[in-house]
Amino acid sequence: MTSPADSIEIQNVVASTGIGQELDLEALAEDLPGADFNPDNFPGLVYRTQQPKAAALIFRSGKIVCTGAKSIDDVHDALGIIFEKLRGLSIPVEDDPEITVQNIVSSADLGHNLNLNALAIGLGLEDVEYEPEQFPGLVYRMDEPEVVILLFGSGKIVITGGKRTDDAATAVERIVERIENLGLLG
């Protein structure tokens, strides 16, 4: 059987940046083909890139949030495309704006069914939320790395809150160790 760490897949990377100046989103929506701007529904302009596939939420303040990318490299590539489009519209963007990763969401498979009731008690109620009537997964808040892990009875897990790509691998390693030490894996 493959190790749970080998099953890790990044599902979404969210990062933020800014161009340091206010933007006229109405004018930008007209000048940027494919942009979506509906201020009654959402205050930002949405611009989607195809290669890599990602969405940029561009706000009046000049702040930009990139979401939907599958890697940190994809975030940089997608934002690079957006910076070039803005420069092409004579909006000054510095050469290398700082890009901050806010959240990496990953999934993995522990390869075994889990008894979530036993896990909720074993992992310690102070770090766990488990209300199966409301949500089928157990929510476990890990301190190091500082992530939240959703565990499901199927053995599938979702790791959210990571800031670095290796946070998911560290989290999987630690949760597997905790579950094995409790005698609840397999």
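So, how was this worked out
Residues numbered from 1 in each chain as written. Predicted model: local features only at pLDDT ≥ 70, side-chain atom pairs only at ≥ 80, totals over all residues. Heavy atoms only, no water. Helix = DSSP H or I, 4+ residues; strand = E, 2+ residues; numbered from the N terminus. Rg over C-alpha atoms; globule rule 2.2 N^0.38 Å. Buried < 20%, exposed > 50% of the residue type's maximum accessible area, 1.4 Å probe, protein only. Areas by Shrake-Rupley, 256 points an atom, 1.4 Å probe, with all protein chains shown as cover. Lys, Arg positive; Asp, Glu negative; His and termini not counted. Charge placed at Lys NZ, Arg CZ, Asp CG, Glu CD. Polar contact = N/O pair within 3.5 Å; in protein donor to acceptor, adjacent residues only side chain to side chain. Contact = heavy atoms within 4.5 Å. Expected span 1.5 Å × (residues − 1). Arc of directions from axis to C-beta. Phe/Tyr/Trp six-rings, centres within 6.5 Å; stacked < 30°, edge-to-face > 60°.

### With respect to the overall build of the chain
What the chain contains, in helices and strands, is four helices and nine strands. Secondary structure elements in the chain, listed N-terminal to C-terminal, are β-α-β-β-β-α-β-α-β-β-β-β-α. Taken against the 2.2 N^0.38 rule, which gives 16 Å for 186 residues, the C-alpha radius of gyration of the chain at 20 Å runs more than 25% over that of a compact globule. Along the three orthogonal principal directions, the C-alpha set of the chain runs to about 60 × 30 × 25 Å. For the chain, the proportion of its 186 residues judged to be buried stands at 41%. Summed over all atoms, the accessible surface of the chain reaches about 10,200 Å², with 47% contributed by carbon and sulfur. The chain carries 13 positive and 31 negative side-chain charges, and their two centres are separated by 2 Å.

### With respect to the side chain of Thr49
With respect to the helices and strands, the residue Thr49 is situated in strand β2 (residues 45–49). A polar contact is formed between the side chain of Thr49 and the backbone oxygen of Pro52, at a distance of 2.6 Å. Ignoring sequence-local partners within four residues, the contact set of Thr49 consists of Ala54, Ala78, Ile81 and Ile82.

### What about unusual backbone geometry?
A cis geometry characterises the amide bond from Gln51 onward to Pro52, with omega recorded as 0 degrees. Residue Pro145 follows Glu144 across a cis peptide bond; omega there is -5 degrees. Looking at the element boundaries, Pro145 is found in the loop between β7 (138–142) and β8 (147–151). Here Ser90, not a glycine, exhibits a phi torsion of approximately 65 degrees, which is positive. Position of Ser90 relative to the elements: it lies in the loop between α2 (72–88) and β5 (100–109).

### A closer look at α2
A rise of 1.5 Å per residue sets the reference length of α2, with its 17 residues, at 24 Å; its end C-alpha atoms lie 24 Å apart and thus fit the reference within 8%. Among the residues of α2, Val75, Ala78, Leu79, Ile82, Phe83 and Leu86 are the ones counted as buried. With its buried residues spanning 140 degrees around the axis, α2 presents them on a single face. Exposed and facing more than 90 degrees away from the buried side of α2 are Asp73 and Gly88. Tucked inside the fold, the buried residues of α2 contact β1 (9–18), α1 (25–31), β2, β3 (54–58) and β4 (63–69). Of the residues flanking the end of α2, it is Ser90, one or two places downstream, whose phi is positive at about 65 degrees.

### Comments concerning the packing of aromatic side chains
In this structure the tally under the stated criterion is two aromatic pairs. Where Phe135 meets Phe152, the ring centres are 5.8 Å apart and the plane angle is 70 degrees; that geometry is what we call edge-to-face. One end of the pair, Phe135, is in the loop between β6 (128–129) and β7; the other, Phe152, is in the loop between β8 and β9 (156–162), and 17 residues separate them in sequence.

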